[in-house]
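Observations on the three-dimensional arrangement
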Amino acid sequence: MSDWWTERKQNEQLSNLESEMSYARQETSSLRSQLSRIQGGLQNRVDSLTRAFDAFVELSDLRHETAGFVDAAELRRYATRVLSAMASSTELPETGKPVARYWLGPATEALIGLHAGKPAEQAVSTAMELDQRRTSIYLSLALAVLGQRHQVRTEWLDVAFGAPAADGSLTRVQRVLWTTAARGGFGPDGLELVVKRLQSAASPDGAWLSRLEMRGSSSRPRGPRLKATEPQDEAGDRLSRIRNAVETIVGNTAAREPDPELNYPEERKTDRTPDDAAASRRDGRSRRDADADGQPDKDSPAAMLRLLISEGSDPERETLARIAVLRARVTGSPESAAMALEDPAGTVDTLLTEDLGLSADPHLSATALRVVGPLALPGVESLAKTAELPGPTQVSVESGGHTITIRADGPDPLELGKATSTLTAAGGVVTTGQRAVPIGLLAGGAVVAIGLGLLLHWFWIVVGLVVMAFGLNSYLSLRRAVANDRTRAAGEVSNLNERCTTAATALADYLKSADTRHAATTEDLAAIRRELTT
């Protein structure tokens with residue numbers, strides 16, 4: 001017994017040791033997993049810090065390269081202060097040293113002269129010779145945000161906007177010029193130029209009708225509809241929705257005047273630099289929303305002017321662009337934050353679709369409608385032709401294997417009578433086989449009860465009665481089934497008559513309202529044409 005007890009204690013100790021080892025293995029696995037995550041997180045942080053340090057070192061080296069462009073940097077600060085002073089109607093800053101072969105100097109001089117109403121042709125000519133496109137962008141946007149849209153020349157905007165890419169894509173600066181024109185920054189002639197450029201790149205089959213319909217609602221009455229007139233009815237409804245959408249967009253009077261939010265933001269009296277001044281005034285639905293930190297939207301004209309100025313002169317432009325990327329890397333911002341004028345902004349079709357749905361920004365909606373209007377008009381006219389198709393003189397209603405012809409005065413009586421008779425005759429029909437079961441049970445039960453019960457034993461009377469009860473129940477079930485089948489047939493007849501009456505009424509109403517529908521279609525088409533072609 002002593003050996004048994006010792007062996008049992010040893011087994012218990014081994015079992016406990018095995019449990020402890022299993023727990024230790026689990027703890028070790030968990031610690032390894034946590035250590036792996038920590039090592040991964042630390043490695044990511046180390047890699048991030050390493051990239052930031054490398055960027056900082058390279059940034060320091062590049063800053064030495066910009067030491068020779070002090071005058072150019074001062075000119076950029078001067079140009080920014082000039083814009084802020086003009087926006088706030090304060091005294092202009094003193095002019096700094098001229099920078100040779102830098103377009104920004106003569107362009108700013110030209111802006112000062114134009115804003116003051118003085119001759120500036122020499123300065124404009126000099127700036128154009130140095131960099132025609134940047135000067136055109138600078139003068140167009142600056143005059144727009146300073147409320148001098150009447151001084152923006154079409155030839156400047158022509159050069160500034162250029163042409164969309166072959167695939168219909170636009171750059172950031174083209175999108176800003178587009179939105180500025182839409183908000184009245186360049187006057188009617190400037191807006192017309194931009195609209196034509198966009199029309200040349202927009203898809204003629206861009207599903208513009210469907211996109212317009214999304215903003216409209218139909219005023220056509222909804223009543224019983226016929227399958228034979230579905231194309232005309234649907235075309236009429238679509239035409240009504242498109243008219244409603246077009247009139248909603250055009251009828252917004254806010255789009256008829258220049259957008260007051262277009263103005264260049266005045267500099268705030270804070271410790272922030274002029275480039276950081278001014279928050280957006282638009283609510284959260286606009287594309288010009290302020291960012292969470294109060295910065296103006298990156299796609300506003302003011303932001304584009306700052307980006308244009310910060311590009312620098314030709315010799316330093318590449319270095320400054322690299323500095324912007326490195327600065328974003330040091331601060332942990334995405335490198336995409338280092339923006340450029342030629343960054344992609346999207347395709348013309350995508351941006352037009354977005355603007356058509358912007359009920360909160362009537363200027364962009366109205367401009368998008370001007371662009372797609374001529375492209376959508378052929379589809380509108382096609383809808384009108386479909387809506388004008390003559391109605392049928394008769395329609396048909398299917399009922400099983402029968403077709404009933406429906407006219408405006410009602411269904412064909414012979415065809416309806418034949419279909420009704422077929423339905424009625426098929427209801428409640430009992431076959432010989434169905435009758436045989438209850439009859440056989442009743443007769444068999446009677447034979448057993450009378451014949452065997454009276455001759456042999458009373459027990460057979462009970463058996464016979466039970467069989468007869470089954471027969472009676474079968475008979476009653478058959479009668480209920482027959483009654484239900486006749487009720488069903490009567491219901492089908494009633495439903496068929498109702499369908500025929502409804503179809504006849506709908507056909508009569510459709511033919512009777514032909515003049516009204518024609519007048520509504522003509523009016524819708526005329527209204528849409530008027531708004532899309534003016």
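Please read these numbers as outputs of a predicted model, since none were measured by experiment. (Residues numbered from 1 in each chain as written. Predicted model: local features only at pLDDT ≥ 70, side-chain atom pairs only at ≥ 80, totals over all residues. Heavy atoms only, no water.)

1. Structural notes on the overall build of the protein chain
Selection rule: Put simply, DSSP marks the helices as runs of H or I at least four residues long and the strands as runs of E at least two long, and each gets a number from the N terminus on. When a residue's accessible area, from a 1.4 Å probe over protein chains only, is under 20% of the maximum for its type it is buried; when over 50% it is exposed; and in between it is partly exposed. Residues count as neighbours in contact if any of their non-hydrogen atoms are within 4.5 Å of one another. Surface accessibility in these figures is a Shrake-Rupley result with a 1.4 Å probe; residues are shielded only by whichever protein chains are displayed.
On a plain count of helices and strands, the protein chain comes out with 18 helices and five strands. Counting only residues that meet the buried cut, the protein chain has 38% of its 534 residues in that class. For the protein chain, the proportion of contacts with a sequence separation of at least 24, taken over those separated by at least 6, is 73%. Total accessible area computed for the protein chain in this model is approximately 29900 Å², and 55% of it derives from carbon and sulfur atoms.

2. Some thoughts on the sheet that holds strand E4 (residues 402–407)
Going by this rule: The criterion for strand pairing is that DSSP finds at least two bridges linking the strands in question. Every axis corresponds to a line fitted to the C-alpha atoms, with the helix fit spanning only the stretch in contact, and the corresponding angles, defined between N-to-C directions, vary from 0 to 180 degrees.
With respect to topology, three strands assemble into an open sheet ordered E3-E4-E5, the strand pairing being antiparallel. The sheet is open, and its two edges are formed by strand E3 (394–399) and strand E5 (410–411), each paired on a single side. One ladder, built from two bridges, connects E4 with E5; its direction is antiparallel. Bridged to arginine 407 within E5 is glycine 410. Contacts between helix H15 (residues 413–426) and the sheet are confined to E3, E4 and E5, with E4 contributing the most and set at about 145 degrees to the helix.

3. Topic: the packing of aromatic side chains
Selection rule: Pairing of aromatic rings covers Phe, Tyr and the six-membered ring of Trp, with a centre-to-centre limit of 6.5 Å; geometry is then stacked below 30 degrees between planes, edge-to-face above 60, and tilted otherwise.
The full count for this structure, using the stated rule, is two aromatic pairs. Taking 6.4 Å as the distance between ring centres and 85 degrees as the angle between the ring planes, the aromatic pair formed by tyrosine 102 and tryptophan 103 counts as edge-to-face. Both residues of the pair, tyrosine 102 and tryptophan 103, belong to the buried class. When the ring of tryptophan 103 is compared with that of tyrosine 138, the centres are 5.7 Å apart and the planes differ by 75 degrees; the resulting orientation is edge-to-face.

4. Let's talk about H15
Operational definition: In a helix, the anticipated span is given by 1.5 Å times the number of residues less one. What the arc measures is the spread of directions leading from the helix axis to the C-beta atoms. The definition of a polar contact used here is a pair of N or O atoms within 3.5 Å, where within protein one atom must be able to donate a hydrogen and the other to accept one, and adjacent residues in sequence count solely through side-chain atom pairs.
Helix length check: H15 (14 residues) gives 20 Å between terminal C-alpha atoms against 20 Å at 1.5 Å per residue, within 8%. For H15, the set of buried residues is Leu416, Ala419, Thr420 and Leu423. Along the axis of H15, the buried positions cluster into a sector of 100 degrees, meaning they face one direction only. Pointing more than 90 degrees away from the buried face of H15 are the exposed residues Leu414, Lys418 and Ala425. Where H15 starts, the residue carrying a side-chain oxygen 3.1 Å from the main-chain nitrogen of leucine 414 turns out to be aspartate 412.

5. Side note on the side chain of arginine 517
Keep this limit in mind: Two residue types count as positive, namely Lys and Arg, and two as negative, namely Asp and Glu; His and chain ends fall outside the count. A pairing counts as a salt bridge when a side-chain nitrogen of Lys or Arg comes within 4 Å of a carboxyl oxygen of Asp or Glu.
Its location among the elements puts arginine 517 in helix H18 (residues 514–533). Summary of buried charges: arginine 517 has no salt-bridge partner, and the nearest side chain of opposite charge, aspartate 233, is 5.7 Å away. When residues no more than four places from it in sequence are discounted, the contact partners of arginine 517 are Ala387 and Tyr510.

6. Thoughts on the nonpolar core
The following threshold applies: By convention a nonpolar core is built from buried Ala, Val, Leu, Ile, Met, Phe, Trp, Tyr and Cys residues, the set being connected through side-chain atoms within 4.5 Å.
Formed by 79 residues in total, the largest nonpolar core has its most connected members in Leu111, Tyr138 and Leu352. Sorting elements by how many residues they give to this core places helix H14 (residues 362–387) first, with ten residues. If near-sequence neighbours (up to four positions away) are discounted, tyrosine 138 is found in contact with Ala79, Trp103, Leu104, Ala107, Thr108, Leu111, Leu305, Leu308 and Ile309. If you look at the next biggest cluster of nonpolar residues, it comprises 15 residues, including Leu226, Ile404, Leu416 and Cys500.

7. Quick word on the packing of H14 against H18
Basically, it comes down to this: Put simply, angles under 35 degrees are roughly parallel, angles over 145 are roughly antiparallel, angles from 65 to 115 are roughly perpendicular, and the rest are oblique. Each helix crossing is assigned a hand: it is left-handed if the near helix lies turned anticlockwise from the far helix by less than a right angle, otherwise right-handed if that turn is clockwise. Only Asp, Glu, Lys and Arg are considered charged in this grouping, and only Ala, Val, Leu, Ile, Met, Phe, Trp, Tyr, Cys and Pro are considered nonpolar; every other residue, Gly among them, is considered polar.
In contact at an axis separation of 9 Å, H14 and H18 are set at 165 degrees when each is read in the N-to-C sense. With respect to H18, the element H14 is oriented roughly antiparallel. Considering the relative orientation of H14 and H18, their crossing is left-handed. Touching Leu369, Gly373, Pro374, Leu377, Val380, Glu381, Ala384 and Ala387 of H14 are Arg517, Thr521, Leu525, Ile528, Arg529, Leu532 and Thr533, all from H18. Split by residue class, the contact of H14 with H18 holds nine nonpolar, three polar and three charged.

8. What to know about the environment of serine 84
Locating serine 84 in the fold gives a position in helix H2 (residues 70–88). In sequence terms serine 84 and tyrosine 264 are 180 residues apart; their C-alpha atoms lie 7.6 Å from each other.

9. Details of the side chain of threonine 108
Secondary-structure assignment places threonine 108 in helix H3 (residues 104–116). A residue is classified by how much of its surface remains accessible, and threonine 108, at 0% relative accessible area, is buried. Sequence-distant contacts of threonine 108, that is, excluding residues within four places in its chain, are made with Tyr78, Ala79, Val82 and Tyr138.

10. A word on unusual backbone geometry
One can expect most non-glycine residues to show negative phi and most peptide bonds to be in trans. In this structure, serine 89 takes a positive phi of about 55 degrees despite not being glycine. Tracing the backbone through its elements, the reader meets serine 89 in the loop between H2 and H3. One non-glycine residue with positive phi stands out, namely arginine 101, at about 60 degrees. Looking at the secondary structure, you find arginine 101 in the loop between H2 and H3. With relative accessibility at 68%, the residue arginine 101 sits in the exposed group.

11. So, the pattern of salt bridges
Where charged atoms from two side chains of opposite charge come close, those side chains can pair. Applying the stated criterion across every chain yields a total of 21 salt bridges. A salt bridge links aspartate 361 to arginine 183; the nearest nitrogen and oxygen atoms lie 2.7 Å apart. Placement of aspartate 361 in the loop between helix H13 (348–356) and H14 and of arginine 183 in the loop between helix H7 (172–182) and helix H8 (187–201) is noted, with a sequence separation of 178 residues between them. Grouping residues by exposure puts aspartate 361 and arginine 183 together as buried.

12. A word on a nonpolar patch on the surface
To keep it simple, the criterion reads: Any residue with relative accessible area above 30% and no salt bridge may belong to a patch, with like charges joined within 9 Å and the nonpolar Val, Leu, Ile, Met, Phe, Trp and Tyr side chains within 5 Å.
Among the surface-exposed residues, Trp458, Phe459, Trp460, Val462, Val466 and Phe470 lie close enough to one another that they form a single nonpolar patch of about 640 Å² accessible area. Its location among the elements puts phenylalanine 459 in helix H17 (residues 459–512).

13. Regarding the pairing of E3
Only one face of E3 is covered, namely the face carrying Val395, Val397 and Ser399; the face carrying Gln394, Ser396 and Glu398 is uncovered. In the sheet, E3 pairs with E4 via six bridges, with the strands oriented antiparallel. Bridge pairing in E4 places valine 395 opposite isoleucine 406. Here E3 folds back onto E4, and the loop between the two strands holds two residues, one of which, glycine 400, carries a positive phi near 65 degrees.

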